[in-house]
Amino acid sequence: MLTLRRAGQALISVATLVLAGCGARSINQVLADPAKYRNTSVTVKGTVAESASVMGRGAYRITDGGQGLWVITTGGAPRTGARVNVTGRL
């Protein structure tokens, strides 16, 4: 019983540490070292500066502190001015 309880506590601790390292990156962090994020899943945060949707597909530009990235999606694009977290591959 005690071993199962300790295993549960250890699992919660490990999950907390892993999730703490998975937070959204700023666009500046990604653009400062793009090779570090290439071919990996990365989450960036920003404000939608421009957006367009056509037939259920979308493209929008997110900005954060003067830096910006274009996002292409198979879903619609959020409205201009929306604060978003986007997860994708570089």
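None of these values were measured; they are calculated from a predicted model.

### Quick notes on the overall build of the protein chain
- If you tally the helices and strands in the protein chain, you get three helices and five strands.
- Traced from its N-terminal end to its C-terminal end, the protein chain shows the element sequence α-β-α-α-β-β-β-β.
- When contacts within the protein chain are restricted to residue pairs at least 6 apart in sequence, long-range pairs at least 24 apart make up 47% of them.
- Counting only carbon and sulfur atoms, one obtains 57% of the accessible surface of the protein chain, whose full area is about 6400 Å².

### Concerning the nonpolar core
- By size, the foremost hydrophobic cluster in this structure holds 13 residues, and its most contacted members are Val44, Val48, Tyr60, Ile62, Val84 and Val86.
- The set of elements that each furnish at least two residues to this core consists of helix H2 (27-32), strand S2 (41-54), strand S3 (57-64), strand S4 (67-73) and strand S5 (83-89).
- In terms of residue count, S2 provides more of this core than any other element does, three residues in total.

### Details of the environment of threonine 73
- Along the polypeptide, threonine 73 turns up in strand S4.
- For the pair threonine 73 and alanine 59, spaced 14 residues apart in the sequence, the C-alpha separation amounts to 6.1 Å.
- Polar side-chain contacts of threonine 73 include one of 3.0 Å to the backbone nitrogen of glycine 75.

### Quick word on the confidence of the model for the protein chain
- A residue-level look at the protein chain finds 76% of positions with pLDDT of 70 or above and a mean pLDDT of 79.
- Mean pLDDT values over the elements of the protein chain span from 45, in helix H1 (residues 2-20), up to 92, in S3.
- With pLDDT under 50 throughout, residues 7-21 is counted as low confidence; its partners more than four residues away or in other chains account for zero contacts.

### Observations regarding the environment of threonine 47
- Mapped onto the fold, threonine 47 is located in strand S2.
- C-alpha of threonine 47 to C-alpha of asparagine 85: the two residues are 38 residues apart in sequence and 8.8 Å apart in space.

### Details of the pairing of S3
- Bridge count between S2 and S3: seven bridges; the pairing is antiparallel. Paired with alanine 52 across the bridge in S3 is alanine 59.
- Hairpin connection, S2 to S3: the antiparallel pair is bridged by two residues, and methionine 55 has positive phi, about 50°.
- Strand direction decides the pairing type here: S3 and S4, joined by seven bridges, are antiparallel. Bridge pairing in S4 links arginine 61 to tryptophan 70.

Cut-offs used in this document
Residues numbered from 1 in each chain as written. Predicted model: local features only at pLDDT ≥ 70, side-chain atom pairs only at ≥ 80, totals over all residues. Heavy atoms only, no water. Helix = DSSP H or I, 4+ residues; strand = E, 2+ residues; numbered from the N terminus. Contact = heavy atoms within 4.5 Å. Areas by Shrake-Rupley, 256 points an atom, 1.4 Å probe, with all protein chains shown as cover. Core = buried A, V, L, I, M, F, W, Y, C linked by side-chain atoms within 4.5 Å. Buried < 20%, exposed > 50% of the residue type's maximum accessible area, 1.4 Å probe, protein only. Polar contact = N/O pair within 3.5 Å; in protein donor to acceptor, adjacent residues only side chain to side chain. pLDDT = per-residue confidence, 0-100. Pairing = 2+ DSSP bridges.

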